Amino acid sequence: MASKDIFYITTPIYYVNDVPHIGHAYTTVAADVVARYQRLLGREVFFLTGTDEHGMKIEKTADQRGMTPQELVDEVVERFQHLWKVLNISHDDFIRTTEERHSRAVTAFFQKVQENGGIYLGTYEDWYCIPCETFWTANQLENGNCPECGRPAEKVKEKSYFFRMSHYREQLLAHIEEHPEFIQPASKRNEILSFIKEELRDLSISRTSFSWGIPVPGDEKHVIYVWFDALINYLTAAGYPDDQQRFSRLWPADIHLIGKDILRFHAVYWPTFLFAAGLPLPCKVFAHGWWTVEGEKMSKSRGNVVDPVVIADEYGVDPFRYFLLREVPFGLDGDFSRSAMKGRLNSDLANDLGNLFSRSISMIGKYRQGKIPLPDPTDQRYADFSILAAEIFAEVSVGMEDLAFSKVLQSIWKLVVKGNKFIDQQAPWALAKDDAKAKDLDQVLYCIAELLRLLAAYLLPFMPERSGEMIRQLGLTREHYSQGEDIFSWGKMPSGTLTERGPSLFPRLD
Ligand SMILES: [Zn+2]
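All residue numbers refer to position in the chain's written sequence, counted from 1. In view of the model being predicted, local features appear only for residues whose pLDDT reaches at least 70, and side-chain atom pairs are presented and counted only at 80 or more, with totals across whole chains, interfaces and linings using the full set of residues.

**Focus on the overall build of the chain**
Under the scheme used here, helices are H or I runs from DSSP no shorter than 4 residues and strands are E runs no shorter than 2 residues, and both carry numbers assigned from the N terminus. On a plain count of helices and strands, the chain comes out with 18 helices and 16 strands. Against the globule reference of 24 Å for 510 residues, the chain gives a C-alpha radius of gyration of 26 Å, in line with a compact fold. Summarising its shape, the C-alpha atoms of the chain cover approximately 90 × 50 × 40 Å along the three principal directions. Burial is judged by counting other C-beta atoms within 10 Å of a residue's own C-beta: 20 or more means buried, 12 or fewer means exposed, and anything between counts as partly exposed, with every C-beta placed from the backbone. Per-residue burial for the chain yields a buried fraction of 43% across its 510 residues. Nonlocal contacts in the chain, meaning residues at least 24 apart in sequence, comprise 74% of its contacts between residues at least 6 apart. Radius of gyration means the value over C-alpha atoms here, while the globule rule gives 2.2 Å times the residue count to the 0.38 power. Whether two residues are in contact depends on their C-beta atoms, placed from the backbone: they are in contact if these lie within 7 Å.

**Things to note about helix α10 (residues 263-277)**
With 15 residues, α10 should reach 21 Å at 1.5 Å per residue; the first-to-last C-alpha distance of 21 Å fits that figure. Note that the bend at a residue is defined as the angle between axes fitted to the seven residues ending at it and the seven residues starting at it. Along α10, the sharpest change in direction is near 30° and occurs at Y269; proline P271 comes one to four residues later. The buried fraction of α10 is high, at 13 of 15 residues. Count one or two residues on from α10 and you reach G278, which has phi positive near 75°. Each helix should span, by expectation, one fewer than its residue count multiplied by 1.5 Å.

**What to know about the sheet that holds strand β14 (residues 291-293)**
Strand order across the open sheet formed by 3 strands is β15-β14-β16, with mixed pairing between neighbours. The open sheet is flanked by β15 (296-297) and β16 (334-336), the only strands paired with a single partner. By this definition, two strands are paired if DSSP reports at least two bridges between them. Sheet analysis places β14 next to β15, joined by 2 bridges and oriented antiparallel. Residue V293 lies in a different strand from β15, and its bridge partner there is E296.

**Focus: the sheet that holds strand β3 (residues 93-96)**
Pairing in this open sheet of 6 strands is parallel, and the strands run β3-β2-β1-β12-β13-β7 from one edge to the other. Across the chains shown, the open sheet's two edge strands, defined by having one partner strand only, are β3 and β7 (183-184). Pairing of strand β12 (residues 255-259) with strand β13 (residues 285-288), which is carried by 4 bridges, proceeds in the parallel orientation. Looking at β13, one finds that I258 is bridged to A287.

This is the structure:
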């Protein structure tokens, strides 16, 4: 969107009936990398995450635990907020659907859709899976059970408000066909297209069987269906409905990042709600894959749910962030295993990157008292690096646009490989023995230092803390990394900078 000067990215709001696991960490770290990358390019960013706190499931769980729903959500929300602190997530806002600003937005949105003729009162008779908060028709059930989770579904019959979703079917089909970038990856777009082509039923969007939610305006014994409520969070945080000026700067969102399990809500329900309210659709909905753990599906009953706080503590926050985005192409399913995590840490990070960094800094210390020498820009090696840097920049730009994080990291690693090879070929230790080769040594050391400066720039979104340490040891500050995309071009390392050797970036794990 050329007219928009703020880049707006969201994670889903996470349902607080569950404690945070690797899947939540994955989506949020990915969004954080995008947000940090856009900021590095000099764009203003609004990065939103939060929690979904209403619904029958919360009410039931709270009841079982002898607490009020509000007490329950207040307790669980802290676990999410704590995790984002641990994982160094740079969100600009954290929205909770129990906040007053959100109920105002949901009420206004509901009224708007109602005014536009998108809502009517009818009778609801269907099957409902409480754990999934999902309605099913009788023929979607599998032996009376929810096709999603396999648990028994309950029969429900009550007065309900309906959203006229069927009315927006053609419009949605046309939008998806005209905007191939709207749903990604492409395999997911095809799934959604075939889903819509079958039939789009009107959606029941209110309940009278429980009360933990936002009441329907003017008919307070109904509460608004949790998904109708939840999706509107993306508008609330953008200033809807009160702050029109802010809202028009932020909306539509550039990217909704989600897990594939909630794609239908984001790629079918949400766009039709927006059509009905007369609002533009988000530019892109990207659904990533799921994680198994040690080859098995993650579940509470198996007891193999991975607590991201524990992993971050064992392997380090940045290695964990790196692993999540490097191990699996974004959009596909992946497997978390301790041996794979350790392998990435020891080989990619400790051996390749960590060694390159520490031996470089140590040679600059040894041969030039830590001072970055003056380069000769007419030298062939300098020119070759300059070309390589431009190639990497092009690859990273395209990859980040496509959210192809794993590919982006592979491109960045070309610099790591090149750096190690360059040192071995140029053998600075040999040049240092010959005074006549002093200029040559300057050239080699400059190129290595500049390569490290570039690496720190590329890795800032992925591993902000470790990159910060690289920057510090290089004798630079974050100020040097605030020049927009200029920081990715070759030759920006100021000569005369004093490097400072520090602790190893990625100690090996044995
Ligand atoms: Zn279910």
